[in-house]
Structure formats: structure tokens, C-alpha cells
Amino acid sequence: MSQRTIALVTGANKGIGYEIAAGLGALGWSVGVGARDDQRRTDAVEKLRATGVDAFGVPLDVTDDASATAAARLIEERAGRLDVLVNNAGITGGMPQEPSRVDPATIRAVVETNVIGVIRVTNAMLPLLRRSASPRIVNTSSSVGSLTRQSGVAGEQTTGPVAVAYAPSKTFLNAVTVQYARELSGTNILINVGCPGFVATDLNGFRGVRTPGQGAAIAVKLATLPDDGPTGKFFEDAGEVPW
Ligand SMILES: NC(=O)c1ccc[n+]([C@@H]2O[C@H](COP(=O)([O-])OP(=O)(O)OC[C@H]3O[C@@H](n4cnc5c(N)ncnc54)[C@H](OP(=O)(O)O)[C@@H]3O)[C@@H](O)[C@H]2O)c1
């Protein structure tokens, strides 16, 4: 088994995921670049390796059971275990998304990637994570998934546009994370959700105000929590986010 910490980041070929991989790699970790497109994955791995990161490619479409199973097999063969899983891959489903006009297919597609994809990949990786001394799971959510912030109650500013597929998919992901934390309580696995803030990436036509590197910081922090760190919580750089 490798002495290096082994991480897998999904959707790591660009945007925030790429910067999470770079950030974990800068710690001296071995980082699996999970990406569904062969060329984009190869390019990202080469770019990371050129900066000194011990990166390796992991073919992974989070909507595909066989792909998740094969990804787990690849990591098992390479490292024998997994220490950190960052579920970052996500889609918006396209905007606008008014509830009164949405195509149900959009909801299904977004939930399939942003929620079921996380469950699929997490469950494929859990046997490998259970072999780690300090396993961490980081789910990339958004403060637009906070019901408090969506509704602007309790003095919180209303966050994000009306988006009936994307925002609730992150609310769903937050709840799923809490369920995992409950099931995994009593184990050494810590699982949390992080919000990167409003980051300039393909996801929003580069309208975000933060850099992908800034957006990656919270995932790196949650990936490196101490053994007595929190689990089942929702964080951004400024601290805990209200559900
Ligand atoms: N940008 C923001 O302001 C913001 C704010 C809050 C939360 N987030 C969250 O941050 C995460 C990363 O978003 P981003 O802004 O970095 O967006 P991005 O640049 O569009 O990157 C999304 C990544 O997810 C991958 N992906 C999408 N569907 C996939 C699938 N089925 N299987 C595997 N990979 C898949 C994409 O791969 P391809 O290149 O193959 O499409 C890409 O690598 C998402 O979960 C997003 O919801 C972003």
C-alpha cells in the first residue's frame, strides 16, 4: 500500500475540481483526476504533473454505475485504499429554471448528477475509504442549497436565482450528507459539505466573482480535517452555513 495520502476528485478536469486536485497535490498527496472525457482528463493530468503534482487519471462518469465500479477498481489496484473522496462534479441543467416552466427531464438530469452521482461514487469508494486511517468525504454543495438562504429568512440574504433543479439538488445533497454522517457516526469517516462561493467557471458562464483557486479552498480544508473534526456539517470559508 502507498504511504502517500490518496485522494480522488470527481469532475477534476476543469474549474473548481481542477483546483481542488492542485491544492491536494500541493500537499504531496497522490490525486486521482476523475473525469469522463478522455482528452480533457489526460490534459488535466499532464497539466497537474507539470506543476509537480502526483496526479493520475481516473475515467469516471458519475451517472454511470459501471464507470464508478471501474474507478474503484483502478484505485484499489493502484493504491489499495482511498483516504479522501471529493465529490465535486456537478451541473446546473441550464438556466432559466422557473418552477412553473421546467422540463421534468431537467430535474432528473440534475439530480442524477448532483445527488445520485454522489451516492453512486461514494458507495463505490466506501470499501476503499474504510481501509484508510483518516478517511474524509467532501461533497461540493452550494449556499443556494441552503433553505435559509434561498428563502432569505433569519436575516440571511437571499442567495442565487430562482432555479428549481439546481438549488434543490444541492439541498438534497446536503440532506444526503447528513444521512451518511448519521450512518457513519462511530466510524473514523468524516463527511461534510462545502460551498466554494460564487466562482468564475463554465458552470455560470464565468460570471462568478471568485477564482477557482479561492473556490477550492473550502474543499481542501474539509479534506484535511483532524480526526476530531466535524462531520455532517455545511461550511464555506467564513464558517458554518445554515441549512
Ligand atoms: N461555480 C460556482 O460559482 C459554484 C458555486 C457553488 C457550487 N459549485 C459547485 O462546484 C462544483 C464544480 O463546479 P464548477 O463551477 O467548477 O463547474 P465546471 O467548471 O462546469 O466543472 C464541472 C465539472 O463537473 C464535471 N462533470 C459534470 N457532469 C459529470 C459527470 N456526469 N461525470 C463526471 N464529471 C462530470 C465536468 O466535466 P466535463 O468537463 O466533462 O463537463 C467538470 O469537470 C459543482 O458541484 C458546482 O455545483 C459551483
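As shown above, the structure is provided for reference.
All values reported here derive from a predicted model rather than from experimental measurement.

Asks: Explanation requested: the side chain of Thr122 in the structure shown.
Replies: Its location among the elements puts Thr122 in helix α4 (residues 104-129). When its relative accessible area of 0% is taken as the criterion, Thr122 is described as buried. Sequence-distant contacts of Thr122, defined by excluding residues within four places in its chain, comprise Leu85, Asn87, Ile137 and Tyr180.

Asks: Can you walk me through the layout of surface pockets in this structure?
Replies: Here the largest pocket defines a volume of roughly 1100 Å³. Taken together, 43 residues form the lining of the largest pocket, with Gly90, Thr92, Tyr166, Thr201 and Leu203 sitting closest to its centre. Its residues assigned to classes, the lining of the largest pocket shows 17 nonpolar, 19 polar and seven charged.

Asks: Would you mind going over the pattern of salt bridges with me for this structure?
Replies: Summed over the entire model, instances satisfying the criterion amount to 13 salt bridges. Close ionic contact of Arg40 with Asp37 constitutes a salt bridge, the shortest N to O distance being 3.9 Å. By relative accessible area, which is 42% here, Arg40 ends up partly exposed. Owing to a relative accessible area of 26%, Asp37 belongs among the partly exposed residues under this scheme. Close ionic contact of Arg136 with Asp227 constitutes a salt bridge, the shortest N to O distance being 2.7 Å. Of this pair, Arg136 sits in strand β5 (residues 136-140) while Asp227 sits in the loop between α7 (212-223) and β7 (234-236), and the two are 91 residues apart along the sequence. Judged by relative accessible area, Arg136 falls into the buried class, the value being 2%. Take Asp227: its relative accessible area is 56%, and that puts it in the exposed class. One connected set of salt bridges, linked through shared partners, spans Arg4, Arg49, Asp54 and Arg78.

Rules used in this analysis
- Residues numbered from 1 in each chain as written.
- Predicted model: local features only at pLDDT ≥ 70, side-chain atom pairs only at ≥ 80, totals over all residues.
- Heavy atoms only, no water.
- Helix = DSSP H or I, 4+ residues; strand = E, 2+ residues; numbered from the N terminus.
- Buried < 20%, exposed > 50% of the residue type's maximum accessible area, 1.4 Å probe, protein only.
- Contact = heavy atoms within 4.5 Å.
- 1 Å grid on protein atoms, 1.4 Å probe; cavity = no way out; pocket = protein on both sides within 12 Å on 5 of 7 lines; lining within 4 Å.
- Points joined across faces, edges and corners; volume = space filled by probe spheres on them.
- Nonpolar A, V, L, I, M, F, W, Y, C, P; charged D, E, K, R; others polar.
- Salt bridge = Lys/Arg side-chain N within 4 Å of Asp/Glu carboxyl O.

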